[in-house]
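# Descriptive analysis of the structure
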Amino acid sequence: MDLNASLLQNRLDNRISEYYPQIGSTNDRALDWLAHNAGAGSIVVADEQTKGRGRLGRVWYAPPGTALMFSYLLRPTLDELPYIGMMGALAVAETVEALGASAGIKWPNDVQIEGKKLCGVLPEAAWQDTTLIGVVLGIGLNVRIPFQGTAFEATAISLEDVVGKVDRLEVLAFLLERLDAWTRHLASNELYEAWRGKLVMLGKPVTVNGMGEAVHGIAEDVDRQGGLLVRDDSGALRRMVAGDIALG
Ligand code: BT5
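The structure contained in this document is the topic of the report that follows. (Residues numbered from 1 in each chain as written. Predicted model: local features only at pLDDT ≥ 70, side-chain atom pairs only at ≥ 80, totals over all residues. Heavy atoms only, no water.)

### A few points about the overall build of the chain
Each helix and strand in the chain was counted, giving six helices and 12 strands. Taken over C-alpha atoms, the radius of gyration comes to 18 Å for the chain, in line with the 18 Å a tight globule of 248 residues would show. Considering only C-alpha atoms, the chain reaches an extent of 60 × 45 × 30 Å along its principal axes. Counting only residues that meet the buried cut, the chain has 51% of its 248 residues in that class. Long-range contacts, defined here as pairs at least 24 residues apart, represent 63% of the contacts in the chain between residues at least 6 apart. Accessible area of the chain: about 11200 Å², with a carbon and sulfur share of 51%. When the 23 positive and 31 negative side-chain charges of the chain are each reduced to one mean point, those points stand 1 Å apart. (Helix = DSSP H or I, 4+ residues; strand = E, 2+ residues; numbered from the N terminus. Rg over C-alpha atoms; globule rule 2.2 N^0.38 Å. Buried < 20%, exposed > 50% of the residue type's maximum accessible area, 1.4 Å probe, protein only. Contact = heavy atoms within 4.5 Å. Areas by Shrake-Rupley, 256 points an atom, 1.4 Å probe, with all protein chains shown as cover. Lys, Arg positive; Asp, Glu negative; His and termini not counted. Charge placed at Lys NZ, Arg CZ, Asp CG, Glu CD.)

### Digging into the packing of helix 3 (residues 83-98) against helix 5 (residues 168-183)
Two quantities define a packed helix pair, namely the angle between the helix axes and the distance between the axes. Between helix 3 and helix 5, the least distance of the axes is 9 Å, while the angle of their chain directions is 135 degrees. What the angle tells us is that helix 3 and helix 5 run oblique. For the crossing formed where helix 3 meets helix 5, the hand is right-handed. Contact with helix 3, carried on its side by Met-87, Gly-88, Leu-90, Ala-91, Val-92, Glu-94, Thr-95 and Ala-98, involves Val-171, Phe-174, Leu-175, Arg-178, Leu-179, Trp-182 and Thr-183 of helix 5 and no other residues of that element. (Axes fitted to C-alpha atoms, helices over the stretch in contact; angles between N-to-C directions. Parallel < 35°, antiparallel > 145°, perpendicular 65-115°, else oblique. Left-handed = near helix turned anticlockwise from the far one by under 90°.)

### Quick word on the pairing of strand 6 (residues 116-128)
Two faces, one strand: in a regular strand the side chains alternate between the faces of the sheet. Across three bridges, strand 5 (residues 110-113) lies against strand 6 in antiparallel orientation. Among the inter-strand pairings, Val-111 is bridged to a residue of strand 6, identified as Cys-119. The antiparallel pairing of strand 5 with strand 6 creates a hairpin that spans two residues between the two strands, and Glu-114 there sits at a positive phi of about 50 degrees. By the bridge criterion, 10 bridges tie strand 6 to strand 7 (residues 131-142) in an arrangement that is antiparallel. Its bridge partner being in strand 7, Gln-128 is matched across the sheet by Thr-131. With antiparallel pairing between neighbouring strands as the criterion, strand 6 and strand 7 make up a hairpin whose turn holds two residues, including Asp-129 at a positive phi of roughly 55 degrees. (Pairing = 2+ DSSP bridges.)

### Observations regarding the environment of Gly-85
Relative to the helices and strands, Gly-85 is located in helix 3. A C-alpha to C-alpha distance of 9.3 Å links Gly-85 and Glu-124, two positions 39 residues apart in sequence. Not counting residues up to four positions away in its chain, the partners in contact with Gly-85 are Asn-109, Val-121, Pro-123 and Leu-137.

### Details of the packing of aromatic side chains
Tallied over the full model, the rule gives three aromatic pairs. Aromatic side chains Tyr-61 and Phe-152 sit 5.5 Å apart centroid to centroid with 40 degrees between the ring planes, which places their arrangement in the tilted category. In this pair, Tyr-61 sits in the loop between strand 2 (43-46) and strand 3 (67-74) while Phe-152 sits in the loop between strand 7 and helix 4 (159-163), placing the two residues 91 residues apart along the sequence. Residue classification places Tyr-61 among the partly exposed positions, given a relative accessible area of 32%. Aromatic pair Phe-147 and Phe-152: ring centres 6.4 Å apart, planes at 85 degrees, arrangement edge-to-face. Taken together, the ring pairs in this structure connect Tyr-61, Phe-147 and Phe-152 into an aromatic cluster. (Phe/Tyr/Trp six-rings, centres within 6.5 Å; stacked < 30°, edge-to-face > 60°.)

### Examining the sheet that holds strand 5
Two orientations exist for strands paired in a sheet by backbone hydrogen bonds: parallel and antiparallel. Ordered in space as 1-2-3-7-6-5-4, the seven strands form an open sheet in which the pairing is mixed. The open sheet is flanked by strand 1 (17-20) and strand 4 (104-106), the only strands paired with a single partner. The mean angle between the axes of side-by-side strands here comes to 20 degrees, regardless of whether they run parallel or antiparallel. Contacts from helix 2 (residues 26-34) reach strand 1, strand 2, strand 3, strand 6 and strand 7 within the one sheet, and its direction differs from that of strand 3 by about 20 degrees. In the packing of helix 5 onto the sheet, the strands contacted are strand 2, strand 3 and strand 7, and the crossing angle to strand 3 comes to about 25 degrees.

### Observations concerning the site of the ligand
Lining the immediate surroundings of the ligand are 27 residues, of which Ser-25, Arg-53, Arg-58, Tyr-61 and Lys-117 lie closest. In this structure, an oxygen atom belonging to the ligand sits 2.7 Å away from a side-chain N or O atom of Arg-58. Relative to its free-state accessible area of 790 Å², the ligand is covered by the protein chains to the extent of 91%. Within the residue set of the shell around the ligand, elements represented by two or more residues are helix 2, strand 3, strand 6 and strand 7. A class-by-class count of the residues in the shell around the ligand yields 12 nonpolar, 10 polar and five charged. (Near = heavy atom within 4 Å. Polar contact = N/O pair within 3.5 Å; in protein donor to acceptor, adjacent residues only side chain to side chain. Nonpolar A, V, L, I, M, F, W, Y, C, P; charged D, E, K, R; others polar.)

Interpretation note: all reported values are geometric properties and have no functional meaning in isolation.
The following block contains the structure:
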């Protein structure tokens, strides 16, 4: 067992954390906790989610004991909002690199190794009327998921496939340090440039499905709000704020 409540408590010093052997979604619990005065930097960790989700209500797959799944709480300003997903992907990529592997980011915020998805991030904001009360940054990182024979066999990868045996708690501790560090520099040029520098499809022909249409063209750049700028086949520059990108 490399993850449980007392191990978390001992390893993470003064950080406020909740640990669940099984929960619906760590993001749901964290959103609820935000509404009840949880502080920035607190985390909700689970070994298994019964309703783990991706963007647009997609299902997040991770059997118990095989992944690192948690939500990190933030109390950002409105201007900082677009940078939170960037920060999540970047912190994971930095953690992978510290373990000796190289990682890239697939816009907007998938972390990939060897072109396969290692990690997804799901930032969700909590509002009270029109006031932002906080954000939860959900992170699902494949540590040792046996993908053979699953629908994700060709598209997903686990950290241990690449770097060998790891301790989930140590990976989490390192990742939290990176998240804490970037939280102090949200909305900075440094964060934007570091994220942009890891994007894998800039300059390449892509198809982006988003906002009800498919745009084909060259992924020219990203802007500081995280939007993707695609030069489409008619020569127009299109700005995509959300979507799924594929090469070609
Ligand atoms: C994401 O969505 O990539 C965000 C995933 C966030 C999961 C974390 S876990 C902790 C926290 N609590 C939650 O409930 N969620 C967050 P998206 O870009 O929509 O990708 C989802 C798609 O990735 C699915 O439709 C599958 O095709 C694929 N997928 C599902 N599980 C996967 C896995 N373990 N590894 C790779 N791909 C996966």
